[in-house]
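# Topology and contacts: notes
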Amino acid sequence: MPVRQPDSVSEVAAGLREAGYLPGESTALVSFLATKLGKPVLVEGPAGVGKTELAKALGRYLERSLVRLQCYEGLDEAKALYEWNYRKQLLRIQTESDGTSWQDVQEDIFGEEFLLPRPLMTAIASNDPVVLLIDEIDKTDQEFEAMLLELLSDFQISIPELGRIDAKTQPVVLLTSNNTRELTEALKRRCLYLWLDYPELEHELEIVHLHAPELDDTVARKLVEIVHQVRELDLKKPPSIAESIDWARALLLLGAEDIDQDTFRDTMSVIVKHRTDLDTVAARVGVKLDPATAHAASARRPGSPSADAA
Amino acid sequence: VSRPVPPSAAIYGGIPDQGPGGFDAQLLAFAEDLRQEGVAVGTSEILDSFEALNHVAWTDQSDFKEALAATLAKSPEDRRVFELVFDRFFFRAAEAEAARREINESATSPSDAEINLDTLRQQIAAALRDGSEAALRDLARLAIAAFGRGEGSGVLGVDVQRIRRALGLRTEPQPDLPDYDPRQKGIPRDQLRRFEQHLRRELERDLIERTASLPPKRPLNELDRALPSGPIQDLAQVHKVVAQLKRRLATQGHELKGRKRHAHVDVRRTMRASLETGGVPITLKYRPRRPRRPEIFVLCDVSTSVTSASTFFLSVLHALHDAFRKLRSFVFIERISEVTEVFEHERDFRAASETISRDAGVADVSGYTDYGRVWEEFLALIEDELHPRATVIVLGDARTNGRPPRDDVFAAITAKAGRTFWLNPEPRLYWNYGDSVIAAYEKHCTAFECWRTDQLEEFVKALTRPVAS
C-alpha cells in the first residue's frame, strides 16, 4: 500500500508537526488510534481551534487526498452520497427507444455509468485511500446522521436499484462539530471522541511561531497572553487560534515592535468581531496595556470599530 | 446491575497477581463505575477501548488515559466525569494492590519533630501560587504528618478543613502577615480547592494503609461534576439555541403570501419520476409546501417570584429579537408594557434589561403578578392584530398570588391566535401547588417546563414543527 501506516503515537505527533500542525497530546493519540482501529473520529470543540485543519494535516501526513463534505441544514442524500444522472438516463432511453425492450433499458440505465458520486461515495469508492472530512455535522438534521451510520460503521452504501457498494479502500474519517446540537448516541457510539479546546499558553505560542515565524519573541508572547485574557471575558465570540495567527500576521505587516495601547486599539478588530465585544475588550483589556495612560484612555473612550487593521 | 462476565482468556494474559480476573476485569469494573456516575458506556464502547489499548503503550499513564477517554467518554460533560472517576478508580485500585502486597509509604515520611511549621505554611502557599502538583502532593503529606496524625476525627472532610485552618490558608487577605508571605493577599479559591483535594487524597491513602481496607467510595458531588458555568455562559447558550431556531425556520422556506401561492414543480424529482414512464413526465412532483414563519408575540413575567428565571427569560427574548423581525415582546407584572423597541434598539443584553427594569413601569401597587389584568390589557392592546397565523408565547410561572386567573380571557386570546405556548420556569413537580394555576391555562395552550437551555431546545423543536393546515 502506498500510504503511510504509523506505528506509534509519537510518530503521528512528529508527522503532524511536519505537516504544519502542532497536535496536543490527545490529538496525536486519537489520530493514531483512528488509523489503527479504522474508526471514525468525532472532533468537537469551540469554533476555530483547528478541527478542520487537523483533517487537512492528517491528509498531508498520511499522504492521502482529502475528500470534504461541508454540512448544512437541508443537506440530503442526493448531495452527500450519490445521485442518478437522470439527464444521461433520459438520453439513453431516447437514443435507443426503438428496438430495445424495456427490460434491457431498465437494467442498463441503473448501472454505475449513470451514477453521479457525491463526496461520501467518492471517499469509499476511491482506489487510493483518502481522508474523509465531514465538516460541521451538527448543522445537519438527525435524518442525515442516521443515513451516515451505515457508511461509518461498515464503510458501505446501499443503493436500492443497484445493491450494495463496498468500500474499495478504507478512509480515515473525521467528523467535526461545533457542539451546537447534541449528536445522536448511535453516531457517537461508532466514533472515537476527541475534544479540542483552546490550547494552553505555551502551546498556542508555538502555534503562532509556526505560522508567523518572523514575529518577535516577546511580541508573540504578549500577543498570546492578551488573547488568553480576552478569552476570559464574556464575549459573544471569543477569538480563536486562527484569529491569533491573523493578528500575528497583521502585526508583522504593520511592523509593530510592541503591542502598546495604540497598536492594540488599531488592530483589535482582527481578533474581536462584534461591536459590543469590541467595547468590552477595549474597556477591560485595552486600558491595562499601558498603565501610565490608562486614565486618559478611559476618558477618550477607545475602541471605535472603524479601526482598519492590515 | 449485573456485571458482565469477563472472558476467561485474558487479553493481557502475561500479568499475574493483578487481583481477581486480571487487567480486563479491572477495566470492566472501571466502565461499571462510569455507568454508575451516569456516563452511558455501551458494550461496543468497552470493546473499542480494549481494541485501542492493544495499540498504545498502557504503561504510559497519559496515553492510557486518553485512549480510554477517546473510546468511553463522548461529550465534554462525560469527559469531565471520566477524569474524576478515572482518578478515583485507579487511585483505589493502586492502593488496594499496595495494601494487598503490604507496600507502605508512611515508613519513609519524616517524623514530626523535623517540620518547621511556619516554613511549611509558606512553602505550601508558594507551591499553590506556582502551581506545582508534585510539590503540592509532598507538602500535603508533610502537612498531614504535622497536623493530622493520631488525632484524626475519622471523617475526612472534617480533617481536611482542620488542617487547612491550622495552615492558615484562607481566601481573604491577611494584612498582618509579612510582605514576602504569599498568603498575605489571600489565596484564590480554586488553588485552595486543589490543595484540599491533595489533602483528602493523602488522608485517604493514610487511612487505607492504617486499616488495610478500602473505605466505601464516595459518589461524585454535583459541584465537581458540573462543567464550570455561570449566567454569562448561559447567555451564550441561549443565543446558540435561538440561532438554531432561526436556522431551522430559515430552511423551512419563505412565508406564504396569501392562500393562492402556487406550488413549485420540483424538476429534479419530476424527471426522476418520468423514468418510470419512459421519459414522459406524466406525474408532476411538487416542492413540498413549507410552513410559514410564525409571527410571534412574547409575554414575559418579570415579577419577583420568577426573579431567578427572568434573566434567563429576558435573554431568551433578547436572542429571539436577534433572530426574528416579526416579533413583538411585552413584559408584565401587574400591568403589561411593550418592550419591542427596547430590544430593537439596544443590542447589548445588559443595557436592555436595565432599561426594562427602569422604564417599563409594569409594577403598580403590590408588585405581585396579576394575570387576569394582564390578559385583559393584552387582549385590548392587540386584539385586532391577532390572527390564526400568529404564535403567542408566555414566559411565566402562573402564580396568581390568589387573584382570579381569568382563564376565560386567556382562552379568548388563544382562540384568536394560531398557537399558544407557555414556558414555565418551575419544575413540573411544583406545578399547581400553592397559588400556581397552570392547569387552568394548560387547557388552552401547550405548556413546557423551561429553565434550562436543553429544555429550551425541546421547545424550539415544538415551535418549528410544521403545522398541519
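See above for the structure.
For the structure given in this document, a descriptive report is provided here. (Residues numbered from 1 in each chain as written. Chains lettered and ligands numbered in written order. Predicted model: local features only at pLDDT ≥ 70, side-chain atom pairs only at ≥ 80, totals over all residues. Heavy atoms only, no water.)

Residue and element names in this part refer to chain A. Read from one edge of the open sheet, 5 strands run β2-β5-β8-β1-β9, paired in parallel fashion. What marks the edges here is a single partner per strand, and that holds for β2 (65–70) and β9 (192–195). On average, adjacent strands in this sheet sit at an angle of 20 degrees to one another, irrespective of strand direction. Relative to strand β5 (residues 130–135), β2 is paired through 6 bridges, and the arrangement is parallel. Residue L66 lies in a different strand from β5, and its bridge partner there is V131. Taken strand by strand, helix α3 (residues 51–62) contacts β1 (41–44), β2, β5, β8 (172–177) and β9, and its axis lies near 165 degrees from that of β8. Contacting β2, β5 and β8, helix α8 (residues 142–154) runs over the sheet at an angle of about 160 degrees to β8. (Pairing = 2+ DSSP bridges. Helix = DSSP H or I, 4+ residues; strand = E, 2+ residues; numbered from the N terminus. Axes fitted to C-alpha atoms, helices over the stretch in contact; angles between N-to-C directions. Contact = heavy atoms within 4.5 Å.)

Below, the discussion takes up the side chain of T340 of chain B. All names here are of chain B. Summarising the element assignment, T340 is placed in helix α13 (residues 340–345). A polar contact is formed between the side chain of T340 and the backbone nitrogen of S329, at a distance of 3.0 Å. At a separation of 2.7 Å, a polar atom in the side chain of T340 contacts the side chain of E338. Setting aside anything within four residues of it in sequence, one finds T340 in contact with H321, L327, R328 and S329. (Polar contact = N/O pair within 3.5 Å; in protein donor to acceptor, adjacent residues only side chain to side chain.)

Using the criterion set out here, one finds 35 salt bridges over all chains in the structure. In this structure, K222 of chain A engages D258 of chain A in a salt bridge whose closest nitrogen and oxygen atoms are separated by 3.6 Å. Taken together, the residues span a long stretch of sequence, with K222 of chain A in helix α11 (residues 217–232) and D258 of chain A in the loop between α12 (241–254) and α13 (261–267) at a distance of 36 residues. Three or more residues joined by partner-sharing salt bridges are found here, namely D76, E83 and R118 of chain A together with R268 of chain B. (Salt bridge = Lys/Arg side-chain N within 4 Å of Asp/Glu carboxyl O.)

Before going further, it helps to examine the nonpolar core. Counting residues in each nonpolar core, the largest one holds 59 residues, and the members touching the most others are L174 of chain A together with F30, L68 and F82 of chain B. Non-local contacts of L68 of chain B, meaning those with residues more than four positions away in its chain, are made with L27, F30, S49, L53, A73, F82 and F86 of chain B. Within the second largest apolar cluster, 40 residues are counted, among which are L42, I109, L149 and L151 of chain A. (Core = buried A, V, L, I, M, F, W, Y, C linked by side-chain atoms within 4.5 Å. Buried < 20%, exposed > 50% of the residue type's maximum accessible area, 1.4 Å probe, protein only.)

Below, the discussion takes up the packing of aromatic side chains. According to the stated counting rule, one finds 24 aromatic pairs over all chains in the structure shown. Where W247 of chain A meets F264 of chain A, the ring centres are 5.9 Å apart and the plane angle is 65 degrees; that geometry is what we call edge-to-face. Separated by 17 residues along the polypeptide, W247 of chain A in helix α12 and F264 of chain A in helix α13 bring together distant segments of the chain. By relative accessible area, W247 of chain A is classed as buried at 0%. A ring pair is formed by F86 of chain B and F90 of chain B, whose centres lie 4.7 Å apart and whose planes are at 45 degrees; its orientation type is tilted. Within this pair, F86 of chain B and its partner F90 of chain B are both found in helix α4 (residues 76–101), separated by 4 residues, close to a single helical turn. By way of ring pairs, the aromatic residues F30, F64, F82, F86, F89 and F90 of chain B are connected into one cluster. (Phe/Tyr/Trp six-rings, centres within 6.5 Å; stacked < 30°, edge-to-face > 60°.)

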